[in-house]
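Analysis of the macromolecular model
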Amino acid sequence: MSWHQELLVGFDLETTGTDVEQDRVVTAALIRLEGDGRVADKRSWLLDPGVPIPDEAAEIHGMSTAYVQEHGRAPAAAIAEITEALAEVLRADIPLVVMNARYDLSLLDRECRRHGVPTLTDRLGRPPAPVIDPLVLDKHVDRYRKGKRALQALCGHYGVPLDGAHEAGADAVAAAGVARRIGEKYPAVALPSPRALHGLQEQAAAEQAASFQAYLRRSGDPRARVEPAWPLIPFQR
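Note that the structure is a prediction, hence the values are computed from the model and not measured. (Residues numbered from 1 in each chain as written. Predicted model: local features only at pLDDT ≥ 70, side-chain atom pairs only at ≥ 80, totals over all residues. Heavy atoms only, no water.)

1. Notes on helix H4 (residues 101-115)
Helix length check: H4 (15 residues) gives 21 Å between terminal C-alpha atoms against 21 Å at 1.5 Å per residue, within 8%. Counting buried positions over the 15 residues of H4 gives twelve, a clear majority of the element. Regarding H4, the residues found buried are Ala101, Arg102, Tyr103, Asp104, Leu105, Ser106, Leu107, Leu108, Asp109, Arg110, Glu111 and Cys112. Those residues of H4 that are buried are in contact with strand E1 (8-15), strand E2 (25-33), helix H3 (75-91), strand E5 (131-132) and helix H9 (194-219). (Helix = DSSP H or I, 4+ residues; strand = E, 2+ residues; numbered from the N terminus. Expected span 1.5 Å × (residues − 1). Buried < 20%, exposed > 50% of the residue type's maximum accessible area, 1.4 Å probe, protein only. Contact = heavy atoms within 4.5 Å.)

See the structure below:
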């Protein structure tokens, strides 16, 4: 039986912005999904990140500074709880599905360091694995398809419902659904071992980064180096 027919855990963050080094977690969700897609368990967190939430971010996920100050938890304890919940999943060798894992897992790593709590890597004693990233998989199996590859676009392409986009729980469920559809549609990634799939994605993500970097060079774009590491951008001291 392949990974896409078994238990998956979806994870998603909503944040103050898109900079993994500087931005903060606002909401998080961890959803356990049975092999048939049924939700078996759901955990969610609302944090007061301790900094103002920019209007453009609040417009996306609906969480204002005033709301999280009134209803959100202190970040250090919540970040520690979220990270330990992920560690429990990965210690059990259950695949963790994260759309654009390089972003979510790296930002969570920096939040741990910011608040002085053990990172996911610290808790596991190894880099986080097995992780399944629908973005990396989709680019791997359908490299030349035109159009956007954000979660909403992937849900449309693979026929996966997405009710309440940019709500962490809804996005986590949808990401797992997209991953399953890719596994069903493409035998090349329907590997029996989530660890083998993780290794395939590490290589695919590096190849995708190199390809994009070459595109930037050809187009004369002065953008900084594209990060090849996946699913976690190394912390630069």
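From this point on, the discussion continues.
2. What to know about unusual backbone geometry
In the segment running from Ala129 into Pro130, the intervening peptide bond is cis, with an omega of 0 degrees. Inspection of the secondary structure puts Pro130 in the loop between helix H5 (120-124) and E5. In the segment running from Trp230 into Pro231, the intervening peptide bond is cis, with an omega of 5 degrees. Even without glycine at this site, Asp93 takes up a positive phi of about 65 degrees. You can see Asp93 is positioned in the loop between H3 and strand E4 (96-97). One non-glycine residue, His166, lies in the positive phi region at around 75 degrees. Note on placement: His166 falls in the loop between helix H7 (151-158) and helix H8 (168-185). Residue class for His166 comes out partly exposed when judged on its relative accessible area of 32%.

3. Comments concerning the packing of helix H6 (residues 134-141) against H9
At a minimum axis separation of 9 Å, H6 and H9 run at an interaxial angle of 70 degrees. In terms of their interaxial angle, H6 and H9 are classed as roughly perpendicular. Every residue of H9 that contacts H6 at Val136, Leu137, Lys139 and His140 is listed here: Leu197, Leu200, Gln201, Ala204, Ala205 and Gln208. When grouped by side-chain class, the residues that make up the contact of H6 with H9 number six nonpolar, three polar and one charged. (Axes fitted to C-alpha atoms, helices over the stretch in contact; angles between N-to-C directions. Parallel < 35°, antiparallel > 145°, perpendicular 65-115°, else oblique. Nonpolar A, V, L, I, M, F, W, Y, C, P; charged D, E, K, R; others polar.)

4. Let's talk about the UniProt feature "domain: Exonuclease" (unreviewed entry) in the protein chain
Under the feature "domain: Exonuclease" (unreviewed entry), the UniProt entry names residues 7-188. Split by type, residues 7-188 is 47% helix and 16% strand. Its first and last C-alpha atoms lie 20 Å apart. (UniProt positions renumbered as here; feature names shortened; annotations may be inferred.)

5. Things to note about the pairing of E1
Counting buried positions along E1 yields eight of eight residues, so the element is predominantly enclosed. Of the two faces of E1, the one carrying Leu8, Gly10, Asp12 and Glu14 and the one carrying Val9, Phe11, Leu13 and Thr15 are both buried. For E1 and E2, the ladder comprises eight bridges, and the chain directions are antiparallel. In the strand pairing of E2, Leu13 is matched with Ala28. Relative to E4, E1 runs parallel, the two sharing two bridges. (Pairing = 2+ DSSP bridges.)

6. Let's talk about the sheet that holds E4
Either a parallel or an antiparallel arrangement is found when strands of a sheet pair, and the pairing is made through backbone hydrogen bonds. Reading across from one edge, E3-E2-E1-E4-E5 is the order of the five strands in this open sheet, with mixed pairing throughout. Every other strand in the sheet has two partners, leaving strand E3 (39-46) and E5 as the edge strands with one partner each. Contacts from H4 reach E1, E2 and E5, with the element oriented near 65 degrees to E1. Contacting E1, E2, E3, E4 and E5, H8 runs over the sheet at an angle of about 45 degrees to E2.

7. Observations concerning the packing of aromatic side chains
Scanning the model with the defined rule gives one aromatic pair in all. Centroid distance Phe212 to Tyr215: 6.0 Å. Interplanar angle 15 degrees. Geometry classified as stacked. With Phe212 and Tyr215 both in helix H9 and three residues apart, the pair spans about one turn of that helix. Taking relative accessible area as the criterion, Tyr215 reaches 45% and is therefore assigned partly exposed. (Phe/Tyr/Trp six-rings, centres within 6.5 Å; stacked < 30°, edge-to-face > 60°.)

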